[in-house]
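Here's the letter readout for the chains.
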Amino acid sequence: MTEPSPGVAAAVEGELRLLDPAVRASAELLAQLLHPDYREIDYTGRVWDRDTMIASLTAADAPRPGPLTASRMSGVQLADDLVHLTYDTETKGRLAHRSSVWRLTDVGWVLYFNQATPFGAAADTGTGAEG
């Protein structure tokens, strides 16, 4: 098995940081990891921008789903400054396929786009996955 490119390795590291509940609760840490033009399409089809996502995750009354665990993470470097990751997450029995795009900027690798698609029992019941 070959080692991932430095860009893929950096994107994987960043993605794993974003799954950490402590990072998800910190506006400062999220701002460091999310591109200014960040967009997310969540499991319901809602589109989020960076500021709305940070405010939602760090609000005092924000739900705290607990740790998200990742599996089957793989990535490909599409260009010198662009990485695409795919992986699955699980939290409290909720499963989601995820796709994310990371961009290299002057401050390092930051998340530019993320999409979550529920699968398994949660998708069948419409309860979806969080985040």
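Residues numbered from 1 in each chain as written. Predicted model: local features only at pLDDT ≥ 70, side-chain atom pairs only at ≥ 80, totals over all residues. Heavy atoms only, no water.

Colleague: So what exactly am I meant to see when it comes to the overall build of the protein chain here?
Modeller: Assigned secondary structure in the protein chain consists of five helices and six strands. Across the protein chain, helices and strands are ordered from the amino to the carboxyl terminus as α-α-α-β-β-α-β-β-β-β-α. Buried positions account for 35% of the 131 residues belonging to the protein chain. Across the protein chain, the fraction of contacts at a sequence separation of at least 24, relative to all contacts at a separation of at least 6, is 45%. Summing over all exposed atoms, the protein chain offers an accessible surface of approximately 7,200 Å²; the carbon and sulfur share of this is 54%. (Helix = DSSP H or I, 4+ residues; strand = E, 2+ residues; numbered from the N terminus. Buried < 20%, exposed > 50% of the residue type's maximum accessible area, 1.4 Å probe, protein only. Contact = heavy atoms within 4.5 Å. Areas by Shrake-Rupley, 256 points an atom, 1.4 Å probe, with all protein chains shown as cover.)

Colleague: What's the story with the pattern of salt bridges in this structure? I'm lost.
Modeller: A side chain with one charge can pair with a side chain of the opposite charge if their charged atoms come near. Scanning all chains against the criterion turns up one salt bridge. Its salt-bridge partner being arginine 72, residue aspartate 88 comes within 2.8 Å of it at the nearest N-O pair. Taken together, the residues aspartate 88 in strand β4 (residues 82-91) and arginine 72 in strand β3 (residues 69-79) connect sequence positions 16 residues apart. What makes arginine 72 exposed here is its relative accessible area of 64%. (Salt bridge = Lys/Arg side-chain N within 4 Å of Asp/Glu carboxyl O.)

Colleague: When you look at helix α1 (residues 6-18) in this model, what are you seeing that I'm missing?
Modeller: Structural remark: α-helix, 3.6 residues per turn; residues separated by three or four positions point the same way. In this model α1 runs 18 Å from its N-terminal to its C-terminal C-alpha over 13 residues, within 8% of the 18 Å that 1.5 Å per residue would give. Taken together, the buried positions of α1 are Gly7, Val8, Ala11, Gly14, Glu15 and Leu18. The arc enclosing the buried residues of α1, seen along the axis, measures out at 125°, which places them on a common side. Facing away from the buried side of α1, by more than 90 degrees, are the exposed residues Pro6 and Glu13. (Expected span 1.5 Å × (residues − 1). Arc of directions from axis to C-beta.)

Colleague: Can you walk me through helix α4 (residues 50-58) in this structure?
Modeller: The complete set of buried residues in α4 reads Arg50, Met53, Ile54 and Leu57. For α4, the angular spread of the buried residues around the axis is 95°, confining them to a single face. Buried residues along α4 sit in contact with α2 (21-24), α3 (27-33), β1 (34-41) and β2 (47-49). N-capping of α4 is provided by aspartate 49, with a side-chain oxygen placed 3.3 Å from the backbone N of aspartate 51. (Polar contact = N/O pair within 3.5 Å; in protein donor to acceptor, adjacent residues only side chain to side chain.)

Colleague: It is not clear to me how the nonpolar core should be interpreted in this structure. Could you clarify?
Modeller: Nonpolar side chains tend to gather and get buried jointly when the protein is soluble and globular. Core analysis: the largest hydrophobic core is formed by 17 residues, its most contacted members being Leu18, Leu30, Leu34, Val83, Leu85, Trp102 and Leu111. Elements that contribute at least two residues to this core include exactly α1, α3, β1, α4, β4 and β6 (108-119). In contact with leucine 18, not counting residues within four places along its chain, are Val23, Arg24, Leu30, Leu33, Leu34, Trp102 and Leu111. (Core = buried A, V, L, I, M, F, W, Y, C linked by side-chain atoms within 4.5 Å.)

Colleague: So what exactly am I meant to see when it comes to the pairing of β3 here?
Modeller: Each regular strand shows side chains that alternate between the opposite faces of the sheet. Of the pairings in the sheet, the one linking β3 to β4 comprises eight bridges and is antiparallel in character. Bridge pairing in β4 links serine 71 to aspartate 88. Linking β3 back to β4 in an antiparallel pair, the connection comprises two residues. (Pairing = 2+ DSSP bridges.)

Keep in mind these numbers describe shape, not what the thing actually does.
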